[in-house]
Number of protein chains: 4
Amino acid sequence: MAQVIVLNGGSSAGKSGIARCLQAVFPEPWLAFGVDTLIDAMPARLRLGEEGIGFADDGEVTVGGEFRELEDAWIGGVAAMARAGARVIVDEVFLGGTESRARWEKALHGLDVVWVGVRCDATVATGRELARGDRVTGMAEAQADLVHRDMTYDVEVDTTHTESLDCAKAIAGFLSSKNG
Amino acid sequence: MAQVIVLNGGSSAGKSGIARCLQAVFPEPWLAFGVDTLIDAMPARLRLGEEGIGFADDGEVTVGGEFRELEDAWIGGVAAMARAGARVIVDEVFLGGTESRARWEKALHGLDVVWVGVRCDATVATGRELARGDRVTGMAEAQADLVHRDMTYDVEVDTTHTESLDCAKAIAGFLSSKNG
Amino acid sequence: MAQVIVLNGGSSAGKSGIARCLQAVFPEPWLAFGVDTLIDAMPARLRLGEEGIGFADDGEVTVGGEFRELEDAWIGGVAAMARAGARVIVDEVFLGGTESRARWEKALHGLDVVWVGVRCDATVATGRELARGDRVTGMAEAQADLVHRDMTYDVEVDTTHTESLDCAKAIAGFLSSKNG
Amino acid sequence: MAQVIVLNGGSSAGKSGIARCLQAVFPEPWLAFGVDTLIDAMPARLRLGEEGIGFADDGEVTVGGEFRELEDAWIGGVAAMARAGARVIVDEVFLGGTESRARWEKALHGLDVVWVGVRCDATVATGRELARGDRVTGMAEAQADLVHRDMTYDVEVDTTHTESLDCAKAIAGFLSSKNG
């Protein structure tokens, strides 16, 4: 029985919408955490400064050493929540590719994890970034393919032509077939 | 040359996303106001109380007398902005049907207005309402057809299968053909 | 009978808190608009770009030509709402000093306006800016005195040692004595 | 060397402002989590429904069984973050009094924890609740004394007449004297 669902996808690919739909679709309660949960918990100077996470004008994201240390503790904490019995959905952007994923894999070792790739055509994601209006322009395009490089998944969904709720149902279907 | 664009559609139909894309698509600056702009300006007791706007558990919205009076002044103010030379996008939910629209028509009299219907299949809008997670569930379904009853438009877009940016481009295309 | 209350003060001086308390204190409904209402209505590129409003690292704010034009239309629109019968609270930062105020005075000509200075010690405002965590650091200090230079008011309140609600009651008291 | 700071206080007592100031005051990075972090991670139906957290019209808060289970996992996860080396500020409302605190004490066993009481006069907190405008009215008053009943602390601060930043400095001073 799956205890953790990790959604990996670029900015504006629709991960958090899928996470909320998963929470609505499952009869049991699932906690949903995103990259933003961690960023909001950081000191303001790490959110924007040199030691933390930086958003360049072209949408590229750089991450400093102190940020990485807190992130490791955060990942360990989320894993501990799952070990304590909570079902957890993690909404992530593997900017560092398989290395980013390996950090989660190590922390989640021994837990039943479903890895989900959330794809979205770069042009469509860029349009949605404009429509949201609250993001640095360019992140959607910069991340669309990058985060999926060399990655394999248990399930893949593509929000280009599929609604968040239907993606969530596909993921839930995979979980139930796996347990059946 | 259009001075005002009025977008009418149900909750979660995608109006504000289209408004932000229109702002990005047009070379000239347009102001965009939504129903939420007015609601945020109201006293807290009108936002939730009996004299103001109420959101029932089934998503139905009721509006009290004091709310209506402030809304009339707001509509007149937005019209005055357009008369003063600002290009304005209004994102509205005509819950009262043609009567709601008539209030705007009266205030915008003499201005060059483009009326846009923003449609979205009720089931799809309900899914997006879930995915947003910040709305009272049921509003999308309750409003999807209701707001378009007996309404005619200069342009209609449907977000069921069309992205916000493409809807915005279609509206911009109509404006430019009209002026051409 | 006052129709418009204009609150002028620096960033983090507590203007919007006073505005919300005024809305709670008055038995009649008042609309409250802030600088953020206008900024949120602007295209994203004007909010951060060269032609719009810019927030420098030291908290200084610069405003471009297109922003000014839309702001003039906005000011005229708010005045029209008051002329149409709405009671309106405006929460403003007169960065351009008496010139900024003159633009509002001209638009509000003939209306019964109460001008309120909202002061706050620069050090205290800077601490509150830190505590809010959502503002560019430095704006509170840069604006604390600047916005009150050469300004005269009908009422002045100081949030350094006085709660928002008590400031609101003092302003309401002035209005009622004026009408009495 | 303190690894966890737990701030306990009623709604609108100023806990999250103190948490952000602590993050600014400390040279090392601290993560800050609030009750809202957990609530935002919950399924929408638990946030408002019978099985989750409910906000009654008089500001009383009730919490259901499923909420409690997820909360236990959350508490364990935050403790794990501290064990993994992260410095963590927790901003809490001990509605269940010493029993609520005991759940955290058990999870944080063996860690160096500083317990902080954040007091605020009920009338002042109620005024600030009005000024914020985003909270159910009545929570500040209902919780002001309740959460401190039978509680002892390592440090106590009172935001009634003291700014968040000064409260944060007092807490930081306690930590440094303790380590000195």
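Q: Help me get a handle on the interface of chain A and chain D, residues and values and all.
A: Listed by partner, the interface residues are 27 residues for chain A and 27 residues for chain D. Carbon and sulfur atoms supply 69% of the area that chain A and chain D bury against each other, a total of about 2,000 Å² over both sides. The interface formed by chain A and chain D includes zero salt bridges. Here chain A and chain D share twelve residue pairs in polar contact (both at pLDDT 80 or more) between them.

Q: Residues and numbers for helix H5 (residues 98–107) of chain D, please.
A: Residue and element names in this part refer to chain D. Looking at H5, one finds that the buried residues are Ser-100, Arg-101, Arg-103, Trp-104 and Ala-107. Each buried residue of H5 lies within a common arc of 150° when the element is viewed along its axis, so the set occupies one face. Along H5, exposed side chains directed more than 90 degrees from the buried face belong to Glu-99 and Lys-106. Packing partners of the buried residues in H5 comprise helix H4 (65–83), strand S5 (87–92) and strand S6 (113–119).

Q: How would you sum up the relation of the copies chain A and chain D? Please name residues and give values.
A: Expressed as a screw operation, the relation of chain A to chain D combines 0.0 Å of axial shift with a rotation of 180°, fitting to an RMSD of 0.0 Å. Taken together, the rotation and translation describe the operation of a two-fold axis. Residue Gly-77 of chain A of chain A places its C-alpha closer to the rotation axis than any other residue of that unit, at 2.1 Å. Interface overlap between copies is the fraction of interface residues in one copy that are interface residues in the other; for chain A against chain D it reaches 100%, indicating a shared surface.

Q: For the sheet that holds strand S1 (residues 4–8) of chain A, give the residues involved together with the corresponding values.
A: Residues and elements named next belong to chain A. Across the sheet, which stays open at both edges, the five strands sit in the order S2-S5-S1-S6-S7 with parallel pairing between neighbours. With one partner strand each, in any of the chains shown, strand S2 (30–34) and strand S7 (155–158) form the two edges of the open sheet. With strand direction ignored, the average angle separating the axes of adjacent strands in the sheet is 20°. Here S1 pairs with strand S6 (residues 113–119) via five bridges, running parallel. Among the inter-strand pairings, Val-4 is bridged to a residue of S6, identified as Val-113. Taken strand by strand, helix H4 (residues 65–83) contacts S1, S2 and strand S5 (87–92), and its axis lies near 150° from that of S5.

Q: So what about the sheet that holds strand S5 (residues 87–92) of chain C? Which residues, and what values?
A: All names here are of chain C. Strands sit in the order S2-S5-S1-S6-S7 across an open sheet of five strands; the sheet is parallel. This sheet does not close on itself; its edge strands, each paired only once, are strand S2 (30–34) and strand S7 (155–158). Across the sheet, the mean angle separating the axes of adjacent strands is 20° when strand polarity is ignored. In the sheet, strand S1 (residues 4–8) pairs with S5 via five bridges, with the strands oriented parallel. Opposite Leu-7, over in S5, you have Asp-91 as the bridge partner.

Q: Kindly report on the packing of H4 of chain D against H5 of chain D, identifying the contributing residues and their values.
A: All names here are of chain D. Between H4 and H5, the shortest axis-to-axis distance is 9 Å and the interhelical angle comes to 40°. As the angle between them shows, H4 and H5 are arranged oblique. With respect to the hand of their crossing, H4 and H5 are arranged in right-handed fashion. In this structure, H4 contributes Arg-68, Glu-71, Asp-72, Trp-74, Ile-75, Val-78, Ala-79 and Arg-83 to the contact, and H5 contributes Arg-103, Trp-104 and Ala-107. Within the contact of H4 with H5, the residues separate by chemical class into six nonpolar, no polar and five charged.

Q: How would you explain the packing of helix H6 (residues 122–132) of chain C against helix H1 (residues 15–25) of chain D if you had to name every residue and give the values?
A: At a closest axis distance of 7 Å, the pairing of H6 of chain C and H1 of chain D adopts a crossing angle of 100°. Relative to H1 of chain D, H6 of chain C is oriented roughly perpendicular. In this structure, H6 of chain C contributes Gly-127, Leu-130, Ala-131 and Arg-132 of chain C to the contact, and H1 of chain D contributes Ser-16, Gly-17, Arg-20, Cys-21 and Ala-24 of chain D. When the residues that make up the contact of H6 of chain C with H1 of chain D are grouped by side-chain class, the tally is four nonpolar, three polar and two charged.

Q: So what about the pairing of S1 of chain C? Which residues, and what values?
A: The buried count for S1 of chain C comes to five of five residues, which makes it a mostly enclosed element. Side chains Val-4, Val-6 and Asn-8 of chain C of S1 of chain C all project onto a buried face; the interleaved residues Ile-5 and Leu-7 of chain C project onto the opposite face, where all are buried too.

Q: I'd like to hear about the packing of aromatic side chains, residue by residue, with values.
A: All chains considered together, the criterion is met by 16 aromatic pairs over all chains. Relative to Phe-33 of chain D, the ring of Trp-74 of chain A has its centre 5.8 Å away and its plane inclined at 20°; by these criteria the two rings are stacked. Of this pair, Trp-74 of chain A sits in helix H4 while Phe-33 of chain D sits in strand S2 (residues 30–34), placing the two residues on different chains. Ring pairing ties together the aromatic residues Phe-33 and Trp-74 of chain A together with Phe-33 and Trp-74 of chain D, which thus form one cluster. The ring of Trp-115 of chain B carries the charged tip of Arg-101 of chain B above its face, separated from the ring centre by 4.3 Å.

Q: Quick one: what's the story with helix H8 (residues 164–179) of chain A, residue by residue and with numbers?
A: Over its 16 residues, H8 of chain A runs 23 Å from end to end, which matches the ideal 22 Å to within 8%, given 1.5 Å per residue. For H8 of chain A, the complete set of buried residues consists of Ser-164, Leu-165, Cys-167, Ala-168, Ile-171, Ala-172 and Leu-175 of chain A. Along the axis of H8 of chain A, the buried residues cluster in a sector spanning 160°; they form a single face. On its buried face, H8 of chain A is in contact with S1, helix H1 (15–25), S2, S6 and S7 of chain A together with helix H6 (122–132) of chain B.

Q: If you had to explain the environment of Val-136 of chain C to someone new, which residues and values would you point to?
A: Residues and elements named next belong to chain C. Looking at where Val-136 falls in the secondary structure, it is placed in the loop between H6 and helix H7 (139–143). Given a relative accessible area of 33%, Val-136 falls into the partly exposed group. Distance in space between the C-alpha atoms of Val-136 and Ser-11 is 9.9 Å, their sequence separation being 125 residues.

Q: Account for the environment of Val-118 of chain A, with residues named and values stated.
A: Residues and elements named next belong to chain A. Relative to the helices and strands, Val-118 resides in strand S6. Owing to a relative accessible area of 0%, Val-118 belongs among the buried residues under this scheme. With near-sequence residues (within four places) excluded, Val-118 lies in contact with Leu-7, Asn-8, Gly-9, Gly-10, Ala-13, Lys-15, Ile-18, His-148, Val-157 and Thr-159.

Q: Go over the environment of Gly-77 of chain D with me, naming the residues and quoting the values.
A: Topologically, Gly-77 of chain D is positioned in helix H4. Other than its neighbours up to four places away in sequence, Gly-77 of chain D contacts Gly-77, Ala-80 and Met-81 of chain A.

Q: I'd like to hear about the confidence of the model for chain A, residue by residue, with values.
A: When pLDDT drops low, the exact placement of atoms in the prediction is not to be read closely. For chain A, per-residue confidence averages 91 on the pLDDT scale, and 91% of positions sit at 70 or higher. Both scores are available for the predicted complex, with the pTM at 0.92 and the ipTM at 0.91.

Q: Kindly report on the pairing of strand S7 (residues 155–158) of chain B, identifying the contributing residues and their values.
A: Residue and element names in this part refer to chain B. Taking every second residue as pointing to the same face, the buried face of S7 carries Val-155 and Val-157, while none of Glu-156 and Asp-158 on the other face is buried. Bridge count between strand S6 (residues 113–119) and S7: four bridges; the pairing is parallel. Paired with Val-118 across the bridge in S7 is Val-157.

Q: Account for the pattern of salt bridges, naming residues and giving values.
A: Scanning the entire structure with this criterion turns up 32 salt bridges over all chains. Between Arg-103 of chain A and Glu-71 of chain A there is a salt bridge; the shortest N-O distance is 2.8 Å. Pair noted here: Arg-103 of chain A is in helix H5 (residues 98–107) and Glu-71 of chain A is in helix H4, with a separation of 32 residues, a long-range link. Note on Glu-71 of chain A: relative accessible area 10%, which makes it buried. For the salt bridge of Glu-105 of chain C with Arg-101 of chain C, the shortest nitrogen-to-oxygen distance reads 3.2 Å. Highlighted residues: Glu-105 of chain C and Arg-101 of chain C, both in helix H5 (residues 98–107), separated by four residues, approximately one helical turn. A relative accessible area of 11% means that Arg-101 of chain C is categorised as buried. One network of salt bridges, with partners in common, ties together Arg-68, Glu-71, Asp-72 and Arg-103 of chain A.

Thresholds, definitions, all that
Residues numbered from 1 in each chain as written. Chains lettered and ligands numbered in written order. Predicted model: local features only at pLDDT ≥ 70, side-chain atom pairs only at ≥ 80, totals over all residues. Heavy atoms only, no water. Contact = heavy atoms within 4.5 Å. Buried area = accessible area lost by both parts, 1.4 Å probe. Salt bridge = Lys/Arg side-chain N within 4 Å of Asp/Glu carboxyl O. Polar contact = N/O pair within 3.5 Å; in protein donor to acceptor, adjacent residues only side chain to side chain. Buried < 20%, exposed > 50% of the residue type's maximum accessible area, 1.4 Å probe, protein only. Helix = DSSP H or I, 4+ residues; strand = E, 2+ residues; numbered from the N terminus. Arc of directions from axis to C-beta. Least-squares fit on C-alpha atoms with pLDDT ≥ 70 in both. Pairing = 2+ DSSP bridges. Axes fitted to C-alpha atoms, helices over the stretch in contact; angles between N-to-C directions. Parallel < 35°, antiparallel > 145°, perpendicular 65-115°, else oblique. Left-handed = near helix turned anticlockwise from the far one by under 90°. Nonpolar A, V, L, I, M, F, W, Y, C, P; charged D, E, K, R; others polar. Phe/Tyr/Trp six-rings, centres within 6.5 Å; stacked < 30°, edge-to-face > 60°. Lys NZ or Arg CZ within 6 Å of the ring centre and 35° of its normal. Expected span 1.5 Å × (residues − 1). pLDDT = per-residue confidence, 0-100.

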